[in-house]
Amino acid sequence: MLEYSLLYPENTETRTAQKLDGMWRFAIDWNGEGKEESWQNGIPGRDTIPVPASFQDFYTDKNIREFTGDVWYEKDIFIPLSMKGERVYLRFGAATHRAVVYLNGEKAGEHEGGFLPFLVDITKMVRYGNKNKVVVSVNNELNETNIPCGMTITLSNGRKMSKPYFDFYNYSGLQRSVYLLSVSQIAIEDIDISYSVSDDKALIRYAIRTSGKAETLISLFDEEGEEAASAEGNSGTIELRTPHLWQVHNAYLYNFRVELRSGDNTLDVYELPIGIREVRIEGTKILLNNAPIYFKGFGKHEDSDIVGRGFNIGVMKRDFELMKWIGANSFRTSHYPYDEEIYREADREGFLIIDEVPAVGLFESLSNFLDAGTGKGAKSFFSKTTTPTLLNAHLKALEEMIVRDKNHPSVIAWSLLNEPESTDDNSLPYFEKLFSRARDLDPQQRPRTFAMEVSSSPERCKCYHLSDFIALNRYYGWYILGGYEIGEAEKKFREEMERWKALSLNKPFIFSEYGADTLSSEHKLPSVMWTQEYQIEVFEMLHRVFDSYDFVRGEQAWAFADFQTTEGLMRVNGNKKGIFTRQRQPKDIAFVLKKRWENLPLDYKGNL
Ligand code: CKX
């Protein structure tokens, strides 16, 4: 069990959540001497940088952009006397990939893993009614004992360099909001909610974890602010007649209010927006509130100009507007859990999320995406001396993701890995531990899956039976048989699908990636690869195949928008498989997808 609470930071009668975003002091630790030189007491230089943001794309010096090692942040914060007697924390939305936090020169905490929040308890270290100095050193080195996997090499000039085993830029820093939190000594730490839904009734099961003994009062408010139900005690079931269900593009959010009391005293109050809905798999169907659904959408990235992977609320808004415009209903948080604001927006907008833990690059090859796309290069990734350490880091990130995201109605499935090497015997015990941990941690028992590249074929993959639905990343027409050979690609794709069909798995399949790199500047008739015309041909060919199989229950195009990657022969200033450009303008394919998705009903193939 996590030693701290991951409830989203809220201001209530009893809690304060103060954002510490803005300009922080910033220094690069070129020689790895920060700790020795006591930077925890105050960092050198006068540079400042925005938080939240990746540090890489602000500067004009390539050595800064490519810097691998420790970068240091510093901010003086005033902590009022009124917080004395409370429990006081610093909450980091993410520090990529690991951080050590100091308060007034003393180490206050540390965290490993770059895409999930953590709290640092500073209650006993604070100078109340005074300024306090927060210093954070953030390290962005990649290795094989933490996710995402990669390596760090040292160049002949002594500089380190990141070599990701994954296809997105190794952006890093304080990429999400930082908060100063205060809560009462006896506080709500965690809330578990699950539902059973029938035509005219919903059962809402809840369990509350607290940090001390108290009476617990629950009230459920509807969107008009009317109390719809109430209950008492740390766990129980609420029965709601004629509930407003949370549906795709028709979200309804209740407010689940928890109050801890001791006699007449209110100790703590927390309000959680919840959506009543049930997700289930039945045979080859994915059911939401007992009705079949078909996924239309994307694999995405948190990625935009200037701020890199830093959370950008304007880009978030634009992305949701584009997804609504094109007729999408879902996305996968490839390849790491996103900023919490994105899930809250999906809850409000009625989007479905496949939530992915940052387990990418568990496939050893520096040109991973090319080898993975063609089925070459599969070696054993899970029989190394480092495997047990990697597994621990993976399980910890999985726990943090599920604890953080389990109450979002938008989150309807967990993706436990992206394109791992799954063809040798040692992958199975590794995967089994992940799948069973996900089941144990999730009160809603959501479907679990992992996204499979092409060498994870019906004949060779040792792990697909663990998935509640099968998620395939397939690049027929691009990595496999592109250009004038596209007809051969279709044939080969259909052959693979026939082999899956022959297994009679009686499970839903979705395409969690498919696409083709396309430069928005390029047009040619007849088409050639990389042009907008060719991207359309690839999608039309793949859609024909998807439509031929009843058990295919969804399609998520790769990728929502062009995104930054490491430079190299295979990438033209980034991955260009976007349906939109990095600046969020449509390529021609966007209009083709819009036409298709607006015409595919939510329950497409639902009666098959
Ligand atoms: N899938 C065959 C993972 C993504 C990459 C995508 C690509 C690959 C394809 C693997 O992170 O960006 O190569 O476009």
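Residues numbered from 1 in each chain as written. Predicted model: local features only at pLDDT ≥ 70, side-chain atom pairs only at ≥ 80, totals over all residues. Heavy atoms only, no water.

### With respect to the domain arrangement of the chain
Where interface size is quoted, it is often the accessible area lost as the parts come together. This is how the line gets drawn: Delimitation of the domains relies on an automatic or database domain assignment. Contact between two residues is taken to exist if any of their heavy atoms lie within 4.5 Å; hydrogens are not considered. Buried area: the accessible surface (1.4 Å probe) lost by two parts on joining, summed over both.
By the assigned domains, the chain splits into domain 1 (2-183), domain 2 (188-277) and domain 3 (292-599). Each of domain 1 and domain 2 has a C-alpha centre, and the two are 34 Å apart. Tallying the contact residues gives twelve residues for domain 1 and 13 residues for domain 2. Both faces considered, domain 1 and domain 2 share a buried interface measuring about 950 Å² in area, 44% of it formed by carbon and sulfur atoms. Counting the surface domain 1 buries against domain 2, the share from its top three residues, Leu 7, Thr 14 and Arg 15, is 46%.

### Topic: helix H5 (residues 387-405)
Here is the rule we go by: Where helices and strands are cited, they refer to DSSP runs of H or I of at least four residues and of E of at least two residues respectively, numbered from the N terminus. A helix is expected to span 1.5 Å for every residue after the first. For every residue, the accessible area obtained with a 1.4 Å probe (protein chains only) is divided by the maximum for its type, and the residue is called buried under 20%, exposed over 50%, and partly exposed between those limits.
A rise of 1.5 Å per residue sets the reference length of H5, with its 19 residues, at 27 Å; its end C-alpha atoms lie 26 Å apart and thus fit the reference within 8%. Most of H5 sits out of view: 15 of its 19 residues are buried.

### Overview of the packing of aromatic side chains
By convention here, two paired aromatic rings are described through the distance between centres and the angle between planes. Here is the rule we go by: Here the aromatic set is Phe, Tyr and Trp, taking the six-membered ring for Trp, and pairing holds for ring centres within 6.5 Å; pairs whose planes are under 30 degrees apart are stacked, those over 60 apart are edge-to-face, and all others are tilted.
The final tally for this structure, using the stated rule, is 41 aromatic pairs. For the pair Tyr 294 and Tyr 604, a centre-to-centre distance of 4.8 Å together with 80° between the ring planes defines the contact as edge-to-face. On the criterion of sequence distance, the pair formed by Tyr 294 in the loop between strand S22 (291-292) and strand S23 (295-299) and Tyr 604 in the segment after helix H9 (588-599) is long-range, its members being 310 residues apart. A relative accessible area of 0% places Tyr 294 in the buried class. With a centroid separation of 5.2 Å and 80° between ring planes, the pair formed by Tyr 464 and Trp 500 is classed as edge-to-face.

### Let's talk about the environment of Met 570
With respect to the secondary-structure elements, Met 570 resides in the loop between strand S30 (552-558) and H9. Overall, Met 570 belongs to the partly exposed group, its relative accessible area being 30%. A sequence separation of 248 residues divides Met 570 from Leu 322, and the C-alpha atoms of the two residues are 28 Å apart.

### So, the sheet that holds strand S4 (residues 70-79)
The cut-off we apply is this: Between any two strands, pairing holds if DSSP finds at least two bridges. To get an axis, fit a line to the C-alpha atoms, keeping to the stretch in contact for a helix; angles then go from 0 to 180 degrees between the N-to-C directions.
Judged by pairing direction, the sheet is antiparallel, and its six strands sit side by side in the order S3-S2-S4-S9-S6-S7 without closing on themselves. Each end of this open sheet is capped by a strand with a single partner; those strands are strand S3 (48-51) and strand S7 (106-112). Sheet twist, expressed as the average angle between the axes of neighbouring strands with direction ignored, equals 30°. Here six bridges tie strand S6 (residues 98-103) to S7, and the two strands are oriented antiparallel to one another. Residue pairing for S7: Ala 99 is matched across the bridge by His 111.

### Overview of the sheet that holds S22
Strand order in the open sheet formed by three strands is S20-S21-S22, with antiparallel pairing between adjacent strands. The open sheet has two edge strands with one neighbour each: strand S20 (279-282) and S22. Relative to S22, strand S21 (residues 285-288) runs antiparallel, the two being bridged by two bridges. The partner of Leu 288 across the bridge, within S22, is Ala 291.

### Quick word on the site of the ligand
To be explicit about the condition: Working definition: residue near molecule or strand if any one of its non-hydrogen atoms lies within 4 Å of it. Within 3.5 Å is the distance limit for a polar contact, defined as a pair of N or O atoms, with the added protein rule that one can donate a hydrogen and the other accept it, and that residues adjacent in sequence qualify only through two side-chain atoms. All accessible-area figures derive from a Shrake-Rupley calculation using a 1.4 Å probe, and residue coverage is judged against the displayed protein chains alone.
Taken together, the neighbourhood of the ligand is formed by 15 residues, with Asp 167, His 335, Tyr 479, Glu 513 and Lys 577 sitting nearest. One of the side-chain N or O atoms of Tyr 479 is found 2.4 Å from an oxygen atom in the ligand. Here Asn 575 contributes a side-chain N or O atom positioned 2.9 Å from an oxygen atom of the ligand. Protein chains bury 98% of the 350 Å² of accessible surface belonging to the ligand in isolation. Among the elements that make up the shell around the ligand, the one with the highest residue count is helix H4 (residues 368-374) (three residues).

### Concerning unusual backbone geometry
Put simply, Val 51 and Pro 52 share a cis peptide bond, and its omega is 5°. In this fold, Pro 52 is placed in the loop between S3 and helix H1 (62-65). Between Thr 96 and the following residue, His 97, the backbone shows a cis peptide bond with an omega angle of 5°. In the Ramachandran plot, Ile 306 falls in the positive-phi region, its phi being about 70° despite a non-glycine side chain. Given a relative accessible area of 51%, Ile 306 falls into the exposed group. Positive phi values are uncommon outside glycine, yet Gln 445 reaches one of about 50°.

### Things to note about the pairing of strand S12 (residues 178-183)
Counted residue by residue, S12 has six buried out of six residues, so it is predominantly covered. Every second residue of S12 is oriented toward a common face, with Val 178, Leu 180 and Ser 182 on one face and Tyr 179, Leu 181 and Val 183 on the other, all of them buried. Taken together, the four bridges between strand S1 (residues 16-19) and S12 define a ladder with antiparallel strand orientation. Note on S12: the bridge partner recorded for Thr 16 is Ser 182.

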